[in-house]
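# Summary of structural features
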Amino acid sequence: MAHIVILGAGTGGLPAAYELREKLGKAHQITVVNAVDYFQFVPSNPWVAVGWRDRAGITFPVRPYLEKKGIAFVAQKVNRIDAPCNALELQDGSRLAYDYLVITTGPKLSFEDVSGAGPEAFTNSICNIDHAEKTWADYQKFIAAPGPVVVGAMPGASCFGPAYEFAFILNRDLKTRKLRNKVPMTYVTSEPYVGHMGLGGVGDSKSMLESEFRNNDIKWIANAKVTKVEDGKMFVTELDDLGQVKKAHELPFSFSMMLPAFKGVDPVAAVDGLCNPRGFVLIDEYQRSKKFANIFSAGVCVAIPPVEITPVPTGAPKTGYMIETMVTALVHNIAAELAGEPALAKGSWNAICLADMGDTGAAFVALPQIPPRNTNWYKKGKWVHLAKVAFEKYFLYKMKSGSSEPIYEKYMLKALGIERLEK
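Residues numbered from 1 in each chain as written. Predicted model: local features only at pLDDT ≥ 70, side-chain atom pairs only at ≥ 80, totals over all residues. Heavy atoms only, no water.

Overall, the coordinates contain 22 aromatic pairs when judged by the stated rule. For the pair Y187 and F213, a centre-to-centre distance of 5.1 Å together with 45° between the ring planes defines the contact as tilted. Here Y187 is found in strand 12 (residues 185–188), whereas its partner F213 is found in helix 7 (residues 205–215), with 26 residues between them in sequence. Judged by relative accessible area, which is 1%, Y187 ranks as buried. Ring pairs connect the aromatic residues F39, F41, F60, Y65, F391, Y394, F395, Y408 and Y411, which therefore count as one cluster. For the cation-ring pair, R55 lies above Y38, with the distance from its terminal atom to the ring centre recorded as 5.5 Å. Here K228 stacks its cationic end above the ring of F235, 4.7 Å away from the centre of that ring. (Phe/Tyr/Trp six-rings, centres within 6.5 Å; stacked < 30°, edge-to-face > 60°. Helix = DSSP H or I, 4+ residues; strand = E, 2+ residues; numbered from the N terminus. Buried < 20%, exposed > 50% of the residue type's maximum accessible area, 1.4 Å probe, protein only. Lys NZ or Arg CZ within 6 Å of the ring centre and 35° of its normal.)

This is the structure in structure tokens:
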């Protein structure tokens, strides 16, 4: 009997546990280790930040659902991965041995890259439920005394979709409250242009998002390097296409939400030879570590090169659909190895995104993620907003039911009217 330990119980880790149990049956032991005892549906955090959702609506305790499937759960932080000896050292000092380790931790939020950034300083975040709740608390203070708003993404960021979503959701909420006329809004992003999204653009995303910003009186600064943040003031250097300084900005704000760059979490990044300099796990085409044959990884924590070099550093996003295919690939490959067969399954680097915009939304499809592409389009409409609301309920239901089916692919294909996706 092999012992498979999954580090992380998020969008990658929980489905990995369910899929492994379905694929392997009861013949092998599976344990999930996570720093907290609950699952959080991260795509709903922009709604939490303006009071449209609350913690109870997008989180649930994972232990009962895992144990129902015969999967052990340990709610502890990991202090160290002893990869040569195949063990985790946990926060309480105990060791947990494994035969296979699956790393699905998600990222470390690198607020320290910009002085004054982050929830402990002067900007808010929607990267986890705790941050989203703090943003909501600060937003309630803000609407009592509205002023300028700055929303966007810091240098090195790779997950731009939530920043756009939050800007438009905030815009819609302020209009509903009859306060929008009192709130100048500026979108600041490290992307070389609006709509780049770390993907080199998708379809006509540039002109579409610029048009939405104009129609909603949201100014923007792209190719922007935030250098520091002070209480109520953001310092931004705008670059030209050659990376030379174009203009320096000092932006006043009463409320700000800026997505940070990501790094690998500390215990993963500390393993010699496991990660790149930013702490992301280096994997082969089969989701397997390039140094440790019994370590697999999926999700935001894996190393994927940027789509292109940009004047201000940007990373490539890992969308939910892509993460799902990574998970399925590593599950099949671990099962194959346990059966004495070669690992052959590969994840799909396709990007599919439903981006909410308050009362409308935009759907983006990039197949494959890195240009040139076979499919490269977007569609906009109120149906996208409704589809994302429905997907939230669908995903949470499937996670509680212990589903091992491909949730993103099954739902997205139906929502987008696509019969099948290229693998």
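Reading across from one edge, 6-7-8 is the order of the three strands in this open sheet, with antiparallel pairing throughout. Across the chains shown, the open sheet's two edge strands, defined by having one partner strand only, are strand 6 (78–82) and strand 8 (95–97). Strand after strand, the sheet turns through a mean of 20° between neighbouring axes, direction not considered. Inspection of the sheet shows strand 7 (residues 87–90) paired to strand 8 by three bridges, in the antiparallel sense. (Pairing = 2+ DSSP bridges. Axes fitted to C-alpha atoms, helices over the stretch in contact; angles between N-to-C directions.)

A word on the nonpolar core. Membership of the largest hydrophobic core comes to 79 residues, with the highest contact counts inside it found for I81 and L88. The dominant element in this core, judged by the number of residues it contributes, is helix 9 (residues 320–338), at nine residues. Residues contacting L88, with those up to four places away along its chain left out, are V5, V33, V78, R80, I81, S94, R95, L96, Y98 and L101. Listed in part, the 48 residues of the second largest apolar core include A49, Y164, F168 and L209. (Core = buried A, V, L, I, M, F, W, Y, C linked by side-chain atoms within 4.5 Å. Contact = heavy atoms within 4.5 Å.)

The sheet built from three strands is open, its strands ordered 20-21-22 with antiparallel pairing. In this open sheet, the two edge strands, each paired with only one partner strand, are strand 20 (351–356) and strand 22 (375–380). Adjacent strand axes in the sheet meet at a mean angle of 5°, parallel and antiparallel pairs treated alike. Relative to strand 22, strand 21 (residues 361–367) runs antiparallel, the two being bridged by six bridges. Each residue of the ladder has a partner; that of F364, found in strand 22, is Y378. The strands touched by helix 7 are strand 21 and strand 22; relative to strand 22, the strand with the most contacts, the crossing angle is about 20°. In the packing of helix 10 (residues 382–401) onto the sheet, the strands contacted are strand 20, strand 21 and strand 22, and the crossing angle to strand 20 comes to about 100°.

Another aspect to go through is the pairing of strand 16 (residues 245–252). The pairing of strand 15 (residues 233–239) with strand 16 spans seven bridges and is antiparallel. Opposite L239, over in strand 16, you have V245 as the bridge partner.

Time to look at the side chain of H28. The topology assignment puts H28 in the loop between helix 1 (13–24) and strand 2 (29–34). With relative accessibility at 16%, the residue H28 sits in the buried group.

Here we come to the packing of helix 1 against helix 9. The contact between helix 1 and helix 9 brings their axes to 10 Å, and the two run at 35°. Where helix 1 crosses over helix 9, the two elements pack in a sense that is right-handed. Packed against helix 1, whose contacting residues are P15, A16, E19, L20, K23 and L24, the element helix 9 presents V327, T328, V331, H332, I334, A335 and L338 at the interface. The class makeup of the residues in the contact of helix 1 with helix 9 is nine nonpolar, two polar and two charged. (Left-handed = near helix turned anticlockwise from the far one by under 90°. Nonpolar A, V, L, I, M, F, W, Y, C, P; charged D, E, K, R; others polar.)

Okay, helix 10 next. If you check helix 10, its first and last C-alpha atoms are 29 Å apart, about what 20 residues at 1.5 Å a residue would give, namely 28 Å. Among the residues making up helix 10, those that are buried are V384, H385, A387, K388, V389, F391, E392, F395, L396, K398 and M399. Of the residues trailing helix 10, G402 is marked for its positive phi of about 75°. (Expected span 1.5 Å × (residues − 1).)

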